Amino acid sequence: HIQDPASQRLTWNKPPKSVLVIKKIRDASLLQPFKELCVYLTEENNMIVYVEKKVLEDPAIANDENFGPVKKKFCTFREDYDDISNQIDFIICLGGDGTLLYASSLFQGSVPPVMAFHLGSLGFLTPFNFENFQSQVTQVIEGNAALVLRSRLKVKVVKEHREKMTVQNGIEENGVVSANLEKEVGKQIMQYQVLNEVVVDRGPSSYLSNVDVFLDGHLITTVQGDGVIVSTPTGSTAYAAAAGASMIHPNVPAIMITPICPHSLSFRPIVVPAGVELKIMLSPDARNTAWVSFDGRKRQEICHGDSISITTSCYPLPSICFRDPVSDWFESLAECLHWNVRKKQNNFAVEEEE
């Protein structure tokens, strides 16, 4: 029996008590919705509200005396310093699709259910409008909502150790926080959970990128072009769609491999089963290095001998639906990407019989 995607529902084992509110920073239009939501959560629902420290440093929030009593109830945290992964029951995002990607990056293991309000520019992943937020949040707290489990990619980057790097209290010499950093003899290993895509590109070099792609240990192709995108179904409507790939519903268990401007007429995007292990390395005869980024973050250089291993993560992101997984997805295709929008063809005029 194949499970109907619409049958996935949010169920609480016990009533949720803590909520993480993620607000897009440097956006004045979100200040009022943020304040209204936080007042509703703390005063009407007695929720413990977690907010990132830099959000509360906004002068419009810090200098608002009326908001002061509410702000004192908040629990604050700092990205890459404080671990809140076991303290959050669910997440509310205020902003665009980037807020959902940011929420994913905060949870490198299990992710709480995410309710995303469309207050950004595109809003493909954010199905909720803010006008009736009270009733919608109440429904989520009561467990009356559909879910879509958005698969993520588990990525491991292994780098050959080339220079001595001292790490003190989790901070490197250049001041960059070394989160999720392990050390082996002669190797440096980093791990990431990725919601949209892993992008390998040629960086600032004018040469073609030249990388080998392995699937379960077998060389399947060499990418010669601007690079390659390895994406989840959720990421299929992002960079992969712009590079000519198909759009895949997030309930489909798959990994997409999409070339970026390949120097080959026959290099078409392909879809492989979820669970396979992909490995990307510089080709031995590559003229230049490559660069990799994860959901547009943590961009770094890949040199000869380094490798990027990618497989499906066992920790998906549970995204709360406005209606159901299928309706929400087609609504986003129509509203955000204007999928199959064109003027309709006129019908033939029926001539009246004499």
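Conventions used here
- Residues numbered from 1 in each chain as written.
- Predicted model: local features only at pLDDT ≥ 70, side-chain atom pairs only at ≥ 80, totals over all residues.
- Heavy atoms only, no water.
- Buried < 20%, exposed > 50% of the residue type's maximum accessible area, 1.4 Å probe, protein only.
- Helix = DSSP H or I, 4+ residues; strand = E, 2+ residues; numbered from the N terminus.
- Pairing = 2+ DSSP bridges.
- Salt bridge = Lys/Arg side-chain N within 4 Å of Asp/Glu carboxyl O.
- 1 Å grid on protein atoms, 1.4 Å probe; cavity = no way out; pocket = protein on both sides within 12 Å on 5 of 7 lines; lining within 4 Å.
- Points joined across faces, edges and corners; volume = space filled by probe spheres on them.
- Axes fitted to C-alpha atoms, helices over the stretch in contact; angles between N-to-C directions.
- Core = buried A, V, L, I, M, F, W, Y, C linked by side-chain atoms within 4.5 Å.
- Contact = heavy atoms within 4.5 Å.
- Domains from an automatic or database assignment.
- Buried area = accessible area lost by both parts, 1.4 Å probe.
- Polar contact = N/O pair within 3.5 Å; in protein donor to acceptor, adjacent residues only side chain to side chain.

Asker: Help me understand the pairing of strand β15 (residues 227-231), please; the structure alone is not making it clear to me.
Answerer: Looking down a regular strand, the side chains alternate between one sheet face and the other. Burial within β15 is extensive, with five of its five residues counted as buried. Burial of β15 is two-sided: the residues G227, I229 and S231 facing one way and the residues V228 and V230 facing the other way are all buried. Here strand β12 (residues 197-201) pairs with β15 via five bridges, running antiparallel. Note on β15: the bridge partner recorded for V198 is V230. The pairing of β15 with strand β16 (residues 254-260) spans five bridges and is antiparallel. Paired with S231 across the bridge in β16 is M256.

Asker: Would you take a moment to explain the pattern of salt bridges for this structure?
Answerer: For side chains of opposite charge, pairing can occur when their charged atoms come near one another. Inspection of every chain in the model, using the stated rule, returns seven salt bridges. Close ionic contact of D64 with K35 constitutes a salt bridge, the shortest N to O distance being 2.6 Å. In this pair, D64 is assigned in the loop between α3 (59-62) and α4 (68-71) and K35 in helix α1 (residues 31-44), connecting sequence segments 29 residues apart. In this structure, E160 engages K187 in a salt bridge whose closest nitrogen and oxygen atoms are separated by 3.0 Å. In this pair, E160 sits in strand β7 (residues 153-160) while K187 sits in strand β11 (residues 187-194), placing the two residues 27 residues apart along the sequence. Note on E160: relative accessible area 31%, which makes it partly exposed. Given the relative accessible area of 28%, K187 is considered partly exposed.

Asker: Looking at this structure, I do not really get empty space enclosed by the protein. What am I missing?
Answerer: Empty space among the atoms can be located by rolling a probe the size of a water molecule over them. Across all of its chains, the model carries one cavity of 30 Å³ or more by this definition. Computed from the structure, the largest cavity encloses a volume of approximately 130 Å³. Along its surface, the largest cavity is lined by 15 residues, and F124, V148, R150, D328 and W329 are the ones closest to its centre. For the lining of the largest cavity, the elements supplying multiple residues, two or more each, are β6 (147-150), β22 (317-320) and α8 (325-336). Looking at the lining of the largest cavity element by element, the count peaks at four residues for α8.

Asker: What should I look at first to understand the sheet that holds strand β17 (residues 270-273) in this one?
Answerer: Where strands meet in a sheet, backbone hydrogen bonds hold them as pairs that are either parallel or antiparallel. A sheet is described by the order of its strands in space; here six strands give the open sequence β17-β16-β15-β12-β19-β20, paired in antiparallel fashion. Strands at the two margins of the open sheet, each flanked by one partner only, are β17 and β20 (297-302). In this sheet, adjacent strand axes meet at a mean angle of 20° when their direction is disregarded.

Asker: Explanation requested: the nonpolar core in the structure shown.
Answerer: One broad rule of soluble globular proteins: the nonpolar side chains tend to lie buried together. Judged by nonpolar contacts, the single largest core of 33 residues is most densely connected at F34, L37, L41, F74, I92, F117 and V137. Ranked by the residues each element gives to this core, the list is headed by α1, at six residues. When neighbours within four sequence positions are excluded, L41 is seen to be in contact with V19, V21, N46, M47, V49, I92 and V137. Grouped together as the second largest cluster of nonpolar side chains are 29 residues, L153, I257, F267 and V272 included.

Asker: Looking at this structure, how should I read the domain arrangement of the chain?
Answerer: Think of interface size as the accessible area that goes away when the parts come together; that is how it is often given. The domain boundaries assigned to the chain delineate domain 1 (7-150 + 315-335) and domain 2 (151-160 + 185-310). Once you take the C-alpha centre of each, domain 1 and domain 2 turn out to be 30 Å apart. Each partner contributes to the interface: domain 1 provides 24 residues, whereas domain 2 provides 17 residues. It is L101, R150 and W329 that lose the most area in domain 1 upon contact with domain 2, and together they represent 37% of the buried surface on that side. Across the domain 1-domain 2 interface, the total number found is one salt bridge. Across the pair R297 and E79 runs a salt bridge, and its minimum N-O distance is 2.4 Å. On inspection of domain 1 and its partner domain 2, the count reaches nine residue pairs in polar contact (both at pLDDT 80 or more). At the level of secondary structure, the elements contributing two or more residues to the side of domain 1 that touches domain 2 comprise α5 (97-106), β6 and α8.

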